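# Analysis of the macromolecular model
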Amino acid sequence: MSSEVTLEELAALMKKAAGVTVDPHDLEARVDTPFAEFGLDSLGLLGIVGELENRHARALPTDAEKCRTPRDFLDLVNSTLTAGA
């Protein structure tokens, strides 16, 4: 099993942790669009970080919740997860 977080997984987490429904294809097409434009705020992102920390049983960098775009977030999260894999 890959420990990398995909755009599909991020879209599912946005719905689960923040109640924000985003089509994964839309997310992929707009990967550099600020989370705010999808309706996701910093609190929602914090919920996603917490969910990922539980799922992968490891802490993510504190900057994770400050990421502004899906690309920035996935780059940071995946580099952290794969570094310790």
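Residues numbered from 1 in each chain as written. Predicted model: local features only at pLDDT ≥ 70, side-chain atom pairs only at ≥ 80, totals over all residues. Heavy atoms only, no water.

### Description of the UniProt feature "domain: Carrier" (unreviewed entry) in the chain
In plain terms, the rule: UniProt positions are given in the numbering used here, feature names are shortened, and annotations may be inferred rather than shown by experiment. Only DSSP runs of H or I reaching four residues or more are called helices, and only runs of E reaching two or more are called strands; each is numbered from the N terminus.
Under the local residue numbering, the UniProt record ascribes the feature "domain: Carrier" (unreviewed entry) to residues 4-81. Annotation note: span residues 4-81, helix share 63%, strand share 0%, distance between end C-alpha atoms 7 Å.

### Focus on the environment of Ala-11
Applied cut-off: To sort residues, take the accessible area from a 1.4 Å probe on protein chains only and compare it with the maximum for the residue type: under 20% means buried, over 50% means exposed, and anything in between is partly exposed.
Among the secondary structure elements, Ala-11 is positioned in helix H1 (residues 7-18). The class of Ala-11 is buried, set by a relative accessible area of 5%. Note: C-alpha distance between Ala-11 and Pro-24 (13 residues apart in sequence) is 5.6 Å.

### What about helix H5 (residues 70-83)?
Stated formally: Multiplying 1.5 Å by the helix residue count minus one yields the expected span of that helix. The directions considered for the arc are those from the helix axis to the C-beta atoms. Pairs of residues are marked as contacts when any of their non-hydrogen atoms sit within 4.5 Å.
For H5, which comprises 14 residues, the first-to-last C-alpha distance of 19 Å matches the rise-based estimate of 20 Å (1.5 Å per residue) to within 8%. All of the buried residues along H5 are Pro-70, Phe-73, Leu-74, Val-77, Asn-78, Thr-80 and Leu-81. Along H5, the residues classed as buried sweep out an arc of 160° about the axis, all on the same side. Here the buried face of H5 lies against H1, helix H2 (24-29), helix H3 (35-38) and helix H4 (42-56).

### A short note on the side chain of His-56
Along the chain, His-56 turns up in helix H4. Take His-56: its relative accessible area is 18%, and that puts it in the buried class. Residues contacting His-56, with those up to four places away along its chain left out, are Ser-3, Val-5, Glu-9 and Leu-81.

### Focus on the pattern of salt bridges
Definition in use: Within this document, salt bridges are pairs made up of a side-chain nitrogen of Lys or Arg and a carboxyl oxygen of Asp or Glu, the two lying within 4 Å of each other.
Within this structure, the stated rule accounts for 5 salt bridges. As a salt-bridge pair, Arg-30 and Asp-26 come within 3.0 Å of each other at their nearest N and O atoms. Two residues, Arg-71 and Asp-32, come together in a salt bridge whose shortest N-O distance is 2.7 Å. With Arg-71 in helix H5 and Asp-32 in the loop between H2 and H3, this residue pair connects regions lying 39 residues apart in the sequence. Classification of Arg-71 as partly exposed rests on a relative accessible area of 37%.

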